[in-house]
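One-letter residues, chain by chain:
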Amino acid sequence: MALSIVFSVLAGVLLLLGFLGTFVPVLPGAPLAWAGLLLAYFSEYNEISLIVLIITAVVAVVVSILDNFMPVLMTNKIGGSKAATWGATIGLVVGLFMGPVGIIAGPFLGALVGELIHSGGEFGNSIKAAWGAFLGFILGTGMKMIAVAVFIWIYLRSFFA
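So, a few notes on the structure that sits alongside this text. (Residues numbered from 1 in each chain as written. Predicted model: local features only at pLDDT ≥ 70, side-chain atom pairs only at ≥ 80, totals over all residues. Heavy atoms only, no water.)

Points about the layout of surface pockets
- Computed from the structure, the largest pocket encloses a volume of approximately 290 Å³.
- Forming the boundary of the largest pocket are 20 residues, of which Pro-25, Leu-27, Asp-67, Asn-68 and Lys-144 lie nearest the centre.
- Sorting the residues of the lining of the largest pocket by element identifies helix H2 (29–41), helix H3 (50–77), helix H4 (82–96) and helix H6 (123–160) as the ones contributing at least two each.
- The element that contributes the greatest number of residues to the lining of the largest pocket is H3, accounting for four residues.
- Among the residues making up the lining of the largest pocket, the classes are represented as 12 nonpolar, six polar and two charged. (1 Å grid on protein atoms, 1.4 Å probe; cavity = no way out; pocket = protein on both sides within 12 Å on 5 of 7 lines; lining within 4 Å. Points joined across faces, edges and corners; volume = space filled by probe spheres on them. Helix = DSSP H or I, 4+ residues; strand = E, 2+ residues; numbered from the N terminus. Nonpolar A, V, L, I, M, F, W, Y, C, P; charged D, E, K, R; others polar.)

Comments concerning helix H1 (residues 2–20)
- Under the 1.5 Å per step criterion, the end-to-end length of H1 is 27 Å for 19 residues, consistent within 8% with the ideal 27 Å.
- What H1 keeps buried is the set Ser-4, Ser-8, Ala-11, Gly-12, Leu-14, Leu-15 and Gly-18. Along the long axis of H1, the arc covered by the buried residues comes to 165°, so they all point the same way. Every exposed residue of H1 that faces more than 90 degrees away from the buried side is listed here: Ala-2, Leu-3, Val-9 and Leu-16.
- At its buried positions, H1 is contacted by H2 and H6. (Expected span 1.5 Å × (residues − 1). Buried < 20%, exposed > 50% of the residue type's maximum accessible area, 1.4 Å probe, protein only. Arc of directions from axis to C-beta. Contact = heavy atoms within 4.5 Å.)

Description of H4
- Over its 15 residues, H4 extends 21 Å from the first C-alpha to the last, a length consistent with the 21 Å expected when each residue adds 1.5 Å.
- Looking only at H4, the buried set comprises Ala-84, Thr-85, Gly-87, Ala-88, Gly-91, Leu-92 and Gly-95. All buried residues of H4 lie within an arc of 160° about the axis, which places them on one face of the element. Turned more than 90 degrees away from the buried face of H4 sit Lys-82, Trp-86 and Ile-90, all of them exposed.
- In this structure, the buried side of H4 is in contact with H3, helix H5 (99–119) and H6.

A short note on the packing of aromatic side chains
- Applying the stated criterion to the full structure yields five aromatic pairs.
- Note on Phe-159 and Phe-160: the rings are 5.0 Å apart at their centroids and 85° apart in plane angle, and the pair reads as edge-to-face.
- Take Phe-160: its relative accessible area is 64%, and that puts it in the exposed class.
- Through a chain of ring-to-ring contacts, the aromatic side chains of Trp-131, Phe-134 and Phe-137 assemble into a single cluster. (Phe/Tyr/Trp six-rings, centres within 6.5 Å; stacked < 30°, edge-to-face > 60°.)

Some points on the side chain of Thr-75
- By the element assignment, Thr-75 lies in helix H3.
- Those residues in contact with Thr-75 that sit more than four places away from it in its chain are Gly-80, Ala-84, Thr-85, Ala-88, Ala-111, Ala-129, Gly-132 and Ala-133.

Structural notes on the nonpolar core
- Membership of the largest hydrophobic core comes to 14 residues, with the highest contact counts inside it found for Leu-15, Leu-37, Phe-151 and Tyr-155.
- Among the elements of the structure, H1, H2, H3 and H6 are those that each provide at least two residues to this core.
- By residue number, the principal contributor to this core is H6, which donates five residues.
- With sequence-adjacent residues up to four places away left out, Phe-151 is seen in contact with Leu-15, Ala-30, Ala-33, Trp-34, Leu-37, Thr-56, Val-59 and Ala-60. (Core = buried A, V, L, I, M, F, W, Y, C linked by side-chain atoms within 4.5 Å.)

Quick look at the pattern of salt bridges
- Within the structure shown, the criterion is met by one salt bridge.
- Where Asp-67 meets Lys-144, a salt bridge forms, and the shortest distance between an N and an O atom there is 3.2 Å. Of this pair, Asp-67 sits in helix H3 while Lys-144 sits in helix H6, placing them 77 residues apart in sequence. (Salt bridge = Lys/Arg side-chain N within 4 Å of Asp/Glu carboxyl O.)

Next up, the structure:
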């Protein structure tokens, strides 16, 4: 009984931390929120089925992977060259080691530099490719927020059911 209370409270904390992690790049938002659902699954105060737990695990993994690749995909989609796409990829990897600002700015700057090199200094197309990288970051963040908000809704619904 007491352990169930602890699990349910910790689940809520992990879900809130997960939501915070959707816009604070240092925290892994979707995995933290899913860990909250996992704890809730073991609590007597929450009614979460194994099927829901498995589906949300898959969603957490897919969203986490897509979040990291969206800047690269959007750079390519907006018409950036392979050099811009490679620049966004390298910027993402380098940015991961530079904290939250690096994670946001890395793909943008990488795509900008890659496209500038490719186009011989043509700034218009280069800024367009960099904008694609930034838009990809925003889309990835939005996907994480939606997924974690659904996880929170599942938790609240299971608690009050």
